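Here are the chains, one letter per residue:
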Amino acid sequence: MRKKLLLGNWKMNKLVAEAEDFGVAAFPLVEKALVHNIDLGVAPTYLSLPIVKQKVHPKMIVAAQNVHFQPSGPYTGEISIPMLKEFGITWALVGHSERRSYDNETNEKCNAKIKALVLEKMVPVYCVGETLAEFEQGLTKAVVSAQVREGLKDLVAEEVKNLVVAYEPVWSIGTGKNASTEIAEDVCRFIREVLKNLFGEVAEDIRILYGGSVKPENIKAYLSCPNVDGALVGGASLKIDSYEGLLNNII
Ligand code: 13P
């Protein structure tokens with residue numbers, strides 16, 4: 001039985017003090033989530049990671065939004081895995097569509113990051129999803145399949161057992177145009193099939209999230225889908241009331 005996961009991606013939002021306040025306020029929510037066998041987490045900016053990690057419930061997942069695949073070196077503006085580990089951060093998003101669009105994050109680069117993360121026993125949250133043009137041309141599965149195959153190239157079952165995959169159709173991110181539950185389930189089931197082809201039965205243990213305009217009002221419908229194991233939420237994860245609403249509606 002896969003444990004449900006609610007992960008907030010704060011993107012480039014919140015000053016450190018705001019992130020800290022949220023972390024403290026979320027403490028009882030983590031207690032509540034644990035009772036219902038749900039994992040709760042947030043992905044703050046790099047600058048807020050240390051204080052949030054320090055202030056939140058020890059069972060709350062605190063993820064970086066990105067990471068470099070090299071441990072150190074001449075990579076101006078980047079943060080490495082040992083730097084995250086220094087603060088106890090063991091989760092990182094990889095290949096978010098905003099990074100794919102604005103920062104040339106290719107499947108190949110994602111692959112290097114995922115390999116480096118699993119080598120360090122960290123948990124990658126690998127984001128995949130098609131653009132609006134690809135969706136309209138019926139290319140969703142071809143695009144997502146290539147993202148999964150190339151992003152997870154040369155990995156073995158043992159290395160992906162803790163991996164999380166997030167299906168986020170680009171056209172649904174921050175647009176209010178969320179994918180129907182039928183689309184979300186169909187694509188998440190398809191991703192599981194691709195994972196099964198690549199890695200065998202471990203695919204049944206890999207958590208697959210849906211992301212894109214998830215709100216307290218629609219989260220329950222997504223999480224009722226058999227292959228949707230949780231949600232990666234942007235806008236609706238920023239305010240503690242809304243974040244609590246997301247949790248309450250999947251309990
Ligand atoms: P929104 O929930 O704001 O659409 O963002 C989704 C997302 O990109 C999460 O990573």
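The following paragraphs examine the structure supplied in this document.

Cut-off values and rules
Residues numbered from 1 in each chain as written. Predicted model: local features only at pLDDT ≥ 70, side-chain atom pairs only at ≥ 80, totals over all residues. Heavy atoms only, no water. Helix = DSSP H or I, 4+ residues; strand = E, 2+ residues; numbered from the N terminus. Rg over C-alpha atoms; globule rule 2.2 N^0.38 Å. Buried < 20%, exposed > 50% of the residue type's maximum accessible area, 1.4 Å probe, protein only. Contact = heavy atoms within 4.5 Å. Areas by Shrake-Rupley, 256 points an atom, 1.4 Å probe, with all protein chains shown as cover. Lys, Arg positive; Asp, Glu negative; His and termini not counted. Charge placed at Lys NZ, Arg CZ, Asp CG, Glu CD. Phe/Tyr/Trp six-rings, centres within 6.5 Å; stacked < 30°, edge-to-face > 60°.

1. Digging into the overall build of the chain
And then number 1: A count of helical and extended segments in the chain gives 12 helices and 8 strands.
And then number 2: Over its C-alpha atoms the chain spans a radius of gyration of 17 Å, differing by no more than 12% from the 18 Å that the globule rule assigns to 251 residues.
And then number 3: C-alpha atoms of the chain, sized along the principal axes, occupy 45 × 45 × 35 Å.
And then number 4: Within the chain, buried positions represent 52% of all 251 residues.
And then number 5: Restricting to contacts in the chain with at least 6 residues of sequence separation, those with at least 24 account for 71%.
And then number 6: Entry remark: accessible area of the chain is about 11400 Å², with carbon and sulfur atoms responsible for 54%.
And then number 7: Taking the average place of the 28 positive charges on the side chains of the chain and the average place of its 31 negative ones, the gap between the two points comes to 2 Å.

2. Looking at the packing of aromatic side chains
And then number 1: Evaluation of the coordinates by the stated rule reveals 5 aromatic pairs.
And then number 2: Centroid distance Trp-10 to Phe-22: 4.7 Å. Interplanar angle 75°. Geometry classified as edge-to-face. Residue Trp-10 is located in the loop between β1 (4-9) and α1 (16-25), and its partner Phe-22 is located in helix α1; the two are separated by 12 residues in the primary sequence. In this structure, Trp-10 and Phe-22 share a single accessibility class: buried.
And then number 3: Here the aromatic rings of Tyr-210 and Tyr-222 are separated by 4.3 Å at their centres, their planes lie at 20°, and the arrangement is stacked.

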